[in-house]
Amino acid sequence: MNDTIVALATPPGVGAIAVIRLSGAESIALTASCFDGKDLLTQKSHTIHFGNILDGEEIVDEVLVSLFLNQRSFTKEESVEISCHGSQYIINRIIQLLIRKGARLANPGEFTQRAYLNGRFDLAQAEAVADLIASENESSHAAALNQMRGGISKEIKALREKLVHFASMIELELDFSEEDVEFASRDELKELIKGIDKVLVKLIDSFQLGNVIKNGVPVVIVGKPNAGKSTLLNALLEEEKAIVSDIAGTTRDTIEDEINIGGVKFRFIDTAGLRETTDQIEAIGVERANQKMKESSLIMYLFDLSTEGLNVILAQEQQLIEMDKPYILVGNKRDKVESEPAALLENEHYISIAAKQETGVAALKDMIFAKSQMDNFKTGNVVVTNARHHQSLVNTQNALHDVVRGIDNQITNDFLAQDIRHSLYYLGEITGEISTDDLLDNIFSKFCIGK
Ligand SMILES: Nc1nc2c(ncn2[C@@H]2O[C@H](COP(=O)(O)OP(=O)(O)OP(=O)(O)O)[C@@H](O)[C@H]2O)c(=O)[nH]1
Ligand SMILES: [Mg+2]
């Protein structure tokens, strides 16, 4: 594993500078063999050196070389960073040159994988590096940073230690099986599992929030044909994404796009107008709209203030209440009416806008942010954002339920010990205390080359 790997660390394409990264035992020697500045092999760690990269006699580029000696780099191996000019041609020449000298092109995520294998951080933290690099707004950044600093790992380790204690007590009992002793009180074990279960439930539930942080809070826009749903989508996105026309049934499929409100990513979904229809394609669109309502975190019911009767609106609200999801009643085309019904003005879920004129849209955005309750995540709670972690947590929970069932049914100690070991296994999977090559390959192959 200690061969020397090389890759471009900055994004491909033209830039003022590019950084080529090497890691492994020969990093400095390989770089020195094509560098005409100071003798790199005799320099200290964390120093930067100016000189030319030479291919034989030919100067390839004028560069700065940063040195990281053993243990004191991201990978905890000897590393070099070459800052060259950001031309694709120069980058390729230097990488090819280093490969000719004996380096190997890094696999996706191999730098981070080495950092993990050398004990810089655990698996959950390594995965957070990828999330951090991919983070594009305040909330996903905060969640990734928290995880990289060990957020979920800390909680998992604490749970695991408690369980390990009980597992060893029960295994001890196995050694004394002739004598009918009980080192581990079954009642205490059940209490402990109850406590662990509480934490698991909290973590598992947070995944919904974590998922939302990563992929955007889904907000669906529904309403009758011609209410102005597509006009509103365009106003929110500030671009002409969806087709708008005065023909009822213009939108036949769902259209989605994302925007940032208050540092949180929201995904807006425009749908086909809700009505009974004989048109087959439109009917599929209406069916999808219903499906999207179920999947969304917030429903915006949009209606035309100039045509929709109060009774219909209130009946619709009743249905929304029954769906038990946050919702907003959006009265559109405010420009076309003299006044708005008093019953609506008193309703805390109601807001009026004129989507075409883009009036009231800013206030609507504030309301969307407030109703989505996304400010919760800022309290610094640990949020599970990773589907793999979520699955392991669910598996742990199921295994622990088996333990409790086992105690209640007074199964033998060896079965009980086995069930506890299962839950330990799943918890260990999250932080990488338990890992297989397949699992590691799967995780790190999702990284880009150079990370
Ligand atoms: N006066 C006025 N007209 C609007 C407003 N918002 C939308 N409209 C018009 O209403 C018509 C329907 O708008 P759309 O956005 O296509 O309506 P929709 O809800 O997407 O309709 P479907 O896709 O058919 O379900 C268009 O002619 C818009 O220009 C508004 O605030 N005021
Ligand atoms: Mg439409």
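Above this text you will find the structure in question.
Please read these numbers as outputs of a predicted model, since none were measured by experiment. (Residues numbered from 1 in each chain as written. Chains lettered and ligands numbered in written order. Predicted model: local features only at pLDDT ≥ 70, side-chain atom pairs only at ≥ 80, totals over all residues. Heavy atoms only, no water.)

On to the overall build of the chain. On a plain count of helices and strands, the chain comes out with 15 helices and 12 strands. With the principal axes as the frame, the chain shows a C-alpha extent of 85 × 80 × 40 Å. Scored against the burial criterion, the 451 residues of the chain give a buried share of 48%. Pairs at least 24 apart in sequence give 64% of the contacts found in the chain among residues at least 6 apart. For the chain, the accessible area works out to roughly 22,300 Å², and carbon and sulfur atoms hold 50% of it. Taking the average location of the 45 positive side-chain charges in the chain and that of its 68 negative ones, the two points are 3 Å from each other. (Helix = DSSP H or I, 4+ residues; strand = E, 2+ residues; numbered from the N terminus. Buried < 20%, exposed > 50% of the residue type's maximum accessible area, 1.4 Å probe, protein only. Contact = heavy atoms within 4.5 Å. Areas by Shrake-Rupley, 256 points an atom, 1.4 Å probe, with all protein chains shown as cover. Lys, Arg positive; Asp, Glu negative; His and termini not counted. Charge placed at Lys NZ, Arg CZ, Asp CG, Glu CD.)

Moving on, we get to the coordination of the magnesium ion (ligand 2). Ideal geometry at a metal gives 109.5 degrees between four tetrahedral donors and either 90 or 180 degrees between six octahedral ones. In this structure, Ser230 (OG) and Thr251 (OG1) serve as the protein donors to the magnesium ion (ligand 2), at separations of 1.9 to 2.1 Å. In this pair, Ser230 sits in helix α8 (residues 229-237) while Thr251 sits in the loop between α8 and β8 (255-261), placing the two residues 21 residues apart along the sequence. (Donors = N, O, S within 2.8 Å, 3.2 Å for Na, K, Ca; no water.)

Another aspect to go through is the site of ligand 1. For ligand 1, the set of nearby residues contains 25 residues, the closest of which are Lys229, Thr231, Gly249, Thr250 and Thr251. Alone, ligand 1 offers 660 Å² of accessible surface; in the complex the protein occludes 92% of this. With three residues, α8 is the largest single contributor of residues to the shell around ligand 1. (Near = heavy atom within 4 Å.)

Burial of strand β10 (residues 298-304) is extensive: seven of the seven residues sit out of reach of the surface. Neither face of β10 is exposed, since Leu298, Met300, Leu302 and Asp304 on one face and Ile299, Tyr301 and Phe303 on the opposite face are all buried. Note: strand β7 (residues 217-223) against β10, five bridges, orientation parallel. When the bridges of β10 are listed, Val222 appears paired with Tyr301. For β10 and strand β11 (residues 327-332), the ladder comprises six bridges, and the chain directions are parallel. Bridge assignment links Asp304 to a residue of β11, and that residue is Asn332. (Pairing = 2+ DSSP bridges.)

Turning our attention to unusual backbone geometry. For Glu358, which is not glycine, the phi dihedral falls at a positive 60°. As for its placement among the helices and strands, Glu358 is situated in the loop between β12 (350-352) and α12 (361-372). At Gln410, a residue that is not glycine, the phi angle is positive and equals roughly 50°. One can find Gln410 in the loop between α13 (387-408) and α14 (413-431).

So, on to the sheet that holds strand β3 (residues 47-55). Reading across the sheet, the six strands line up as β3-β4-β5-β2-β1-β6 and stay open at both edges, with mixed pairing between neighbours. Looking at strand neighbours, the two that pair on one side only are β3 and β6 (104-105), the edges of this open sheet. Bridge count for strand β1 (residues 5-8) against strand β2 (residues 15-23) is four bridges, and the pairing is antiparallel. Residue pairing for β2: Ala7 is matched across the bridge by Arg21. Sheet contacts for helix α2 (residues 88-101): β1, β2, β3, β4 (58-68), β5 (79-86) and β6; angle to β5, the most-contacted strand, approximately 150°. (Axes fitted to C-alpha atoms, helices over the stretch in contact; angles between N-to-C directions.)

Take helix α4 (residues 123-134) next. An ideal rise of 1.5 Å per residue puts 16 Å on 12 residues; α4 measures up with 17 Å between its terminal C-alpha atoms. Every buried residue belonging to α4 is among Leu123, Ala124, Gln125, Ala126, Glu127, Ala128, Val129 and Asp131, and all of these are buried. (Expected span 1.5 Å × (residues − 1).)

Take Thr431: it is sitting in helix α14. With near-sequence residues (within four places) excluded, Thr431 lies in contact with Tyr116, Asp122, Leu123, Ala124, Ser153 and Ile156.

So, on to the packing of helix α7 (residues 186-215) against α13. Where α7 meets α13, the closest approach of the two axes is 10 Å, and the angle between their N-to-C directions is 155°. Taken as axis vectors, α7 and α13 run roughly antiparallel relative to one another. In this structure, α7 crosses over α13, and the sense of that crossing is left-handed. Listed contacts from α13 to Arg186, Leu189, Lys190, Ile193, Ile196, Asp197, Leu200, Val201, Leu203, Ile204 and Phe207 of α7 are Ala387, His390, Leu393, Val394, Thr396, Gln397, Leu400, His401, Val403, Val404, Ile407 and Asp408. Here the residues of the contact of α7 with α13 are counted per class, giving 15 nonpolar, four polar and four charged. (Parallel < 35°, antiparallel > 145°, perpendicular 65-115°, else oblique. Left-handed = near helix turned anticlockwise from the far one by under 90°. Nonpolar A, V, L, I, M, F, W, Y, C, P; charged D, E, K, R; others polar.)

Moving on, we come to the packing of aromatic side chains. Scanning the model with the defined rule gives five aromatic pairs in all. In textbook terms, an aromatic cluster arises when at least three aromatic residues are bridged by ring pairs, as seen for Tyr301, Phe303 and Tyr350. Across from the ring centre of Phe111, 4.5 Å away, lies the NZ or CZ of Arg21, which sits over that ring. (Phe/Tyr/Trp six-rings, centres within 6.5 Å; stacked < 30°, edge-to-face > 60°. Lys NZ or Arg CZ within 6 Å of the ring centre and 35° of its normal.)

The next thing to look at is the packing of helix α6 (residues 151-175) against α7. Between α6 and α7, the shortest axis-to-axis distance is 11 Å and the interhelical angle comes to 155°. In terms of their interaxial angle, α6 and α7 are classed as roughly antiparallel. Between α6 and α7 lies a crossing whose hand is left-handed. Side by side, α6 and α7 meet where Glu155, Ile156, Leu159, Lys162, Leu163, Phe166, Ile170 and Glu173 of the first sit next to Arg186, Glu188, Leu189, Leu192, Ile196, Val199, Leu200, Lys202 and Leu203 of the second. Among the residues forming the contact of α6 with α7, the class breakdown is 11 nonpolar, no polar and six charged.

Moving on, we get to the sheet that holds β7. The strand order across the open sheet built from six strands is β8-β9-β7-β10-β11-β12, with neighbouring strands paired in mixed fashion. This sheet does not close on itself; its edge strands, each paired only once, are β8 and β12. Across the sheet, the mean angle separating the axes of adjacent strands is 25° when strand polarity is ignored. Across the sheet, α12 touches β7, β8, β9 (264-270), β10, β11 and β12, and the angle it forms with β11 is around 165°.

With 14 residues, helix α10 (residues 310-323) should cover 20 Å at 1.5 Å per step; its first-to-last C-alpha distance of 20 Å lies within 8% of that length. Along α10, the positions that sit buried rather than exposed are Ile313, Gln316, Glu317 and Leu320. Across the axial projection of α10, the buried residues extend over an arc of 105°, all falling on one side. In α10, the exposed positions angled more than 90 degrees off the buried face are occupied by Asn311 and Glu322. On its buried face, α10 is in contact with β10, β11 and α11 (342-345). Directly beyond the C-terminal end of α10, a positive phi value near 60° is found at Asp324. (Arc of directions from axis to C-beta.)

Keep in mind these values describe shape, not function.
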